[in-house]
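This is what each chain is made of:
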Amino acid sequence: MKNKIVLVSLMLLSFLSNAQNSKEVSQEWISISQFLDVTVEKDTKFKLIGFAKADLVDDKGMAALWARVDNEGGELGFFDNMGDRPIRLNEWKSYTIEGVLTKDARTLNFGALCYGNGTYLFDEFQLFIENSKGVLAPVTIDNSSFENGISNGIVPKWSQGIGRGKVVKVKEFEISSSDDAAKGKKSLKLVGAGIELSVATIGNVEGASPQIGSMISMLEDLKSRVESRVKNMSTYELDHLHDEKANRIGALIMHLAAAEKYYQVFTFEGVVLMKKKMKFGWML
């Protein structure tokens, strides 16, 4: 479950920044993607299949297929990045994502991603969408087997990142072709190196009691994880409002800081003082 939360947060934060131009970032993960405009009149099933293998350096490292449906107005529809079933096997195996396009669906986004240090290979992607007869029919994926040569880290017909019209180059990952293929002659090879993954250690803070040590370490872990997710984001991205019902990422960060401050005041100054401050309209 923790892996799923990590990957979901990574992908949602990046999705909100898809209006920006190409850029180079430093982060623990990388993704390649394709995008398909869709229009359906009723709920329509789809299936994504791909081969993958992962030679991990980090215990927390993983590979995955992913699929996301963007609905009308930019609303998020179906989403699955295999966070609850990460790929960690170092041998070729096919993996599947199955989802549904609703009548509000406008774009089907899909691809591959990997997280952490290691060597990750992907090959032979297939996409199927249910037709009018209720049969899952194949849909063409450009360069689905990565047989077209990869030059200067550019994968022909695929985008780097998860936002349409934007290229995100990740410093920690090298992209190339591999002769180790599930089918055909070539596969996509992603190598992650020099990545420092955050490791949560709860408790054991020198000079603190077990209870206080747990609190301090949890707050430090939260601080580390939030900073790692937003350190590459611009002011534009932090202020971006996805829709009228959404919160800006910057506002969510301020909420985290305010909640921590509230907890400190409530704990160390006492309930009575907090109630008095709240009575007179005091705000964090």
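Residues numbered from 1 in each chain as written. Predicted model: local features only at pLDDT ≥ 70, side-chain atom pairs only at ≥ 80, totals over all residues. Heavy atoms only, no water.

### Some words on the overall build of the protein chain
Convention followed: In DSSP terms, a helix is any run of H or I states spanning at least four residues, a strand is any run of E spanning at least two, and both are numbered starting from the N terminus. What makes two residues a contact is simply this: any of their non-hydrogen atoms within 4.5 Å.
Secondary structure assignment for the protein chain yields five helices and 13 strands. Sequence separation of at least 24 residues holds for 71% of the intrachain contacts in the protein chain that already meet a minimum separation of 6.

### Let's talk about the pattern of salt bridges
For side chains bearing opposite charge, pairing can occur when the charged atoms are close. This is how it is decided: Salt bridges are counted wherever a side-chain nitrogen of Lys or Arg sits within 4 Å of a carboxyl oxygen of Asp or Glu.
This model, assessed by the stated rule, comprises five salt bridges. Among the ionic pairs, Lys-53 bridges to Asp-180, the shortest N-O distance being 3.0 Å. Pair noted here: Lys-53 is in strand E3 (residues 44-56) and Asp-180 is in the loop between strand E12 (173-178) and strand E13 (187-192), with a separation of 127 residues, a long-range link. Note that Glu-72 and Arg-106 form a salt bridge whose closest N and O atoms lie 3.4 Å from each other. On the criterion of sequence distance, the pair formed by Glu-72 in the loop between strand E4 (62-71) and strand E5 (76-80) and Arg-106 in strand E7 (residues 105-115) is long-range, its members being 34 residues apart. One salt-bridge network, held together by shared partners, links Asp-80, Asp-84 and Arg-85.

### A look at the nonpolar core
Counted only if it meets this: Think of a nonpolar core as a cluster: buried Ala, Val, Leu, Ile, Met, Phe, Trp, Tyr and Cys residues, connected wherever their side-chain atoms sit within 4.5 Å. Here the term buried applies to any residue with accessible area under 20% of the maximum for its type, exposed to any over 50%, and partly exposed to those in between, with areas from a 1.4 Å probe on protein chains only.
Residues Leu-101, Leu-108, Phe-122, Phe-125 and Leu-188 are the most contacted members of the largest nonpolar core, which totals 47 residues. Filtering out sequence-adjacent residues up to four positions away, Leu-188 remains in contact with Ile-32, Tyr-120, Leu-121, Phe-122, Phe-146, Ile-150, Val-155, Ile-175 and Ser-176.

### A few points about the environment of Phe-173
Its location among the elements puts Phe-173 in strand E12. Each C-alpha atom of the pair Phe-173 and Ile-195 lies 9.2 Å from the other, and the pair is 22 residues apart in sequence. Non-local contacts of Phe-173, meaning those with residues more than four positions away in its chain, are made with Gln-27, Glu-28, Trp-29, Ile-30, Cys-114, Gly-116, Tyr-120, Val-191, Gly-192 and Ile-195.

### Things to note about the packing of aromatic side chains
We count it as follows: Only Phe, Tyr and Trp rings are paired, with Trp represented by its six-membered ring, and only when their centres lie within 6.5 Å; those with planes under 30 degrees apart are stacked, over 60 edge-to-face, the remainder tilted.
Scanning all chains against the criterion turns up five aromatic pairs. Ring centres of Phe-125 and Trp-158 lie 5.4 Å apart, and the angle between their planes is 65°; this geometry places the pair in the edge-to-face category. With Phe-125 in strand E8 (residues 118-130) and Trp-158 in the loop between strand E9 (136-139) and strand E10 (159-160), the pair connects residues that are 33 residues apart, well separated along the chain. Its relative accessible area of 2% is what places Phe-125 among the buried residues. Given the relative accessible area of 8%, Trp-158 is considered buried.

### Focus on the pairing of E8
Spelled out, the test is: A strand pair is defined by DSSP finding two or more bridges across the two strands.
Of all 13 residues making up E8, 10 are buried, and the element is well covered by its neighbours. The sheet contact formed by E8 and E13 spans five bridges and is antiparallel. Paired with Phe-122 across the bridge in E13 is Leu-188. With antiparallel pairing between neighbouring strands as the criterion, E8 and E9 make up a hairpin whose turn holds five residues, including Gly-134 at a positive phi of roughly 80°.

### What to know about the environment of Asn-204
Here Asn-204 is to be found in the loop between E13 and helix H2 (210-230). Each C-alpha atom, one on Asn-204 and one on Ser-214, is 7.3 Å from the other, the two residues being 10 residues apart in sequence.

### Describing the sheet that holds strand E2 (residues 29-37)
The antiparallel open sheet is built from five strands, whose spatial order is E5-E4-E7-E2-E10. Of all the strands in the sheet, just E5 and E10 have a single pairing partner and so form its edges. Sheet topology note: the E4/E5 ladder contains three bridges and is antiparallel. Across the sheet, the residue bridging to Asp-70 is Leu-76, located in E5.

### Digging into the confidence of the model for the protein chain
The condition is simple: A residue's pLDDT is the confidence the predictor assigns to it, expressed on a 0 to 100 scale.
In the predicted model, the protein chain carries a mean pLDDT of 82, and the fraction of residues at 70 or more is 80%. Residue range residues 1-21 is modelled with pLDDT below 50. Its contacts to residues more than four positions away, or to other chains, number 50 contacts. Across residues 279-284, where pLDDT falls below 50, the model places five contacts with residues more than four positions away in sequence or in other chains.

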